[in-house]
Amino acid sequence: MASAKLGVGVIGCGTVGGGVVKLLVAEQAQLRRKTGVTVELRKAVDTDAAKRSATGLPPALLAEDANAVLADPEIGVVVEVIGGVNPARSLVEGALAAGKHVVTANKELVAKHGPELLALARKHGVTLHFEASSCGGIPVIHALGQSLAANRFETLLGIVNGTTNFILTKMHREGAEFAEVLAEAQRLGYAEADPTADVDGHDAAYKLAILAAMAFDSHFDYRDIHTEGIRNISARDIAIAKDYGYVVKLLAIGAAHADGRVELRVHPVLVPEEHPLAAVSDAFNAVFARGNYVGDVMLYGRGAGQLPTASAIVGDIIDLAMHQAQGGTSPRMNFGTQAKAVVPMGEVRTQYYLRLDVKDRPGVLAAIARIFGDCGVSISAVKQAAATTESVELVIFTHEVGEAAFQKAVAGIGKLDVVVGVRAIIRAHV
Ligand code: HSE
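Just so we're clear, the structure is a prediction, and the values are computed from it rather than from any experiment.

A closer look at helix α12 (residues 235–243)
In step 1: Listing the buried residues of α12 in full gives Ala235, Asp237, Ile238, Ile240 and Ala241.
In step 2: On the buried face of α12, the contacting elements are α8 (162–174), β9 (246–256), β10 (262–272), β13 (349–358), β15 (392–398) and β17 (419–428).
In step 3: Positive phi appears at Gly245, one or two residues downstream of α12, with a value of about 85°.

Topic: the environment of Asp417
In step 1: Within the secondary structure layout, Asp417 lies in the loop between α15 (403–414) and β17.
In step 2: Sequence separation between Asp417 and Gly291 is 126 residues, and the spatial gap between their C-alpha atoms is 48 Å.

Remarks on the site of the ligand
In step 1: Around the ligand lies a shell formed by Lys107, Asn161, Gly162, Thr163, Asp198, Asp203, Lys207 and Ala304.
In step 2: Separating an oxygen atom of the ligand from a side-chain N or O atom of Asn161 is a distance of 3.4 Å.
In step 3: The protein chains hide 80% of the 260 Å² of surface that the ligand would expose on its own.
In step 4: Contributions of two or more residues to the shell around the ligand are made by α8 and α11 (202–216).
In step 5: Partitioned by chemical class, the residues of the shell around the ligand number one nonpolar, three polar and four charged.

Digging into the side chain of Asn161
In step 1: Looking at the element boundaries, Asn161 is found in the loop between β7 (153–159) and α8.
In step 2: A polar contact of 2.7 Å, which involves the side chain of Asn161, links it to the side chain of Asp198.
In step 3: For Asn161, the side chain forms a polar contact with the side chain of Asp203, separated by 2.8 Å.
In step 4: When neighbours within four sequence positions are excluded, Asn161 is seen to be in contact with Asp198, Asp203, Lys207 and Asn285.

Focus on the nonpolar core
In step 1: Ranked by size, the top nonpolar core spans 84 residues in total, and within it Phe130, Val140, Leu144, Leu156, Ile167, Leu211 and Leu270 carry the most contacts.
In step 2: It is α11 that provides the largest number of residues to this core, a total of 12 residues.
In step 3: Among residues more than four places away in sequence, those in contact with Leu270 are Ala241, Tyr246, Val247, Val248, Tyr353, Phe397, Ile426, Arg427, Ala428 and His429.

Structural notes on the environment of Val269
In step 1: Structurally, the position occupied by Val269 is in strand β10.
In step 2: For Val269, a relative accessible area of 2% gives the class buried.
In step 3: Linking Val269 and Ile82, residues 187 residues apart in sequence, is a C-alpha distance of 32 Å.
In step 4: Here Val269 is in contact with Val247, Val248, Lys249, Leu251, Ile253, Ile426, Arg427, Ala428 and His429, once residues within four sequence places are set aside.

Side note on the pattern of salt bridges
In step 1: Per the counting criterion, the structure on display carries 24 salt bridges.
In step 2: Residues Lys170 and Glu174 are paired through a salt bridge, measuring 2.9 Å at the closest nitrogen-oxygen approach. Linking Lys170 with Glu174, this pair stays in helix α8, spanning four residues, or about one helical turn.
In step 3: Overall, Lys170 belongs to the buried group, its relative accessible area being 16%.
In step 4: Between Arg265 and Glu263 there is a salt bridge whose closest N-O contact spans 2.8 Å.
In step 5: Take Arg265: its relative accessible area is 6%, and that puts it in the buried class.
In step 6: Judged by its relative accessible area of 7%, Glu263 falls in the buried class.
In step 7: Each of Lys5, Glu40, Arg42 and Asp72 takes part in one network of salt bridges that share partners.

Criteria and cut-off values
- Note on numbering: residues in each chain are counted from 1, in written sequence order.
- The predicted origin of the model limits local features to residues at a pLDDT of at least 70 and limits the giving and counting of side-chain atom pairs to 80 or more, whereas totals for whole chains, interfaces and linings rest on all residues.
- Based on all heavy atoms of the structure, the side-chain values leave hydrogens and waters out of the count.
- Partly exposed residues are those whose accessible area sits between 20% and 50% of the maximum for their type, while under 20% is buried and over 50% is exposed, using a 1.4 Å probe and protein chains only.
- Runs of H or I in DSSP of at least four residues are treated as helices and runs of E of at least two as strands, each being numbered from the N terminus.
- Whether two residues are in contact is decided by their heavy atoms: any pair within 4.5 Å suffices.
- Whether a residue is near a molecule or strand depends on its heavy atoms: if one lies within 4 Å, it is near.
- Definition of a polar contact: a pair of N or O atoms within 3.5 Å, with one able to donate and the other able to accept a hydrogen when the atoms are protein atoms, and with sequence-neighbouring residues admitted only if both atoms are side-chain atoms.
- Residue exposure ignores everything except the shown protein chains as possible cover, and the areas themselves are Shrake-Rupley values with a 1.4 Å probe.
- Each residue gets one label: Ala, Val, Leu, Ile, Met, Phe, Trp, Tyr, Cys and Pro are nonpolar, Asp, Glu, Lys and Arg are charged, and the others, such as Gly, are polar.
- We call a set of buried residues a nonpolar core when its members are Ala, Val, Leu, Ile, Met, Phe, Trp, Tyr or Cys and they connect through side-chain atoms within 4.5 Å of each other.
- Any carboxyl oxygen of Asp or Glu that lies within 4 Å of a side-chain nitrogen of Lys or Arg is treated as forming a salt bridge with it.

The structure is reproduced here in structure tokens:
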């Protein structure tokens, strides 16, 4: 006979933990009605007294030490929302070893240690759920890993970082430079005081590692993901992109190759205005995937924030409660069942946008075109603009070509004495 109660312990009373507490308290009746189980919040833990008291919970439900959760036999689910690897990893391991299900929002932990943690969960007959670890409130993990799992995915394109999408959207709308928009975003609390993880693409790379495991059925080391951020995107490039009908987005890209390998990369991309991802603005996230049966599918919503993230976490708890009501455990998410290699960046083929300042004299275009030709790079468009007395700006778009060939050509072009400077390289969506 299935138990009609599911005790929950929340480790971490920060923004997301506070949201989980709010939802569990406010929606207990709804959860009981929908699952047939009383989901009971038994303990919320944080080392910071101010954060504990901000939950508004009575002192009897609060604790400073995570052992209050791990040692409580009435707690069947541990929610880990402290983030980072330490001490989150040992707490999650402790909870799984104690026979408790774990629900986590921790993308770094899942990206770095997902396979070991899932193996540990299997060993102890419990489940590790991590819907909130990627794209906050958007149920993309269950969608890719379960609802759409009949498919083989050809491509996965994601706007998975809200901070950078907010910054790029503002730059696009206002013509402002990266540094000023970042400073404003920090003032408004949209960007962290230390924005590195977001603006340099690391947050997106962790999320891509998790999404790719779901979509391409293999565990990928996040360190194999070629990662570039948005610090070098200038107002000038965004304005030129706009003129050509493109929007600059930081994309997380996965693409299956016919030989079984998978392309994984995070970098700015010129996305055609008519592509559905071009319309994903502000801090919103979206994942666009192409499956062999479902065709094109796109999931859109809030990828961060207290209540959207708590919504995904409580969704995982509901999953556990529903299965408990049926006398079983939740389906175990796989973090990939096949070994697949990541395609080296040099082999990736795409189109490129290149902006250069060159001297305005005869033979310059010919010299550049010769190097491109020698490297097998085909030019699709050239525009000469904005001349100063010193130099003239040259914008070149290429046809699809391998990254190694393109970079070799640009290195050669950069050495020409008529080239004042290579100002920008942005890959274009193909
Ligand atoms: N900092 C992330 C973002 C949210 O800006 O999307 C948490 O992953």
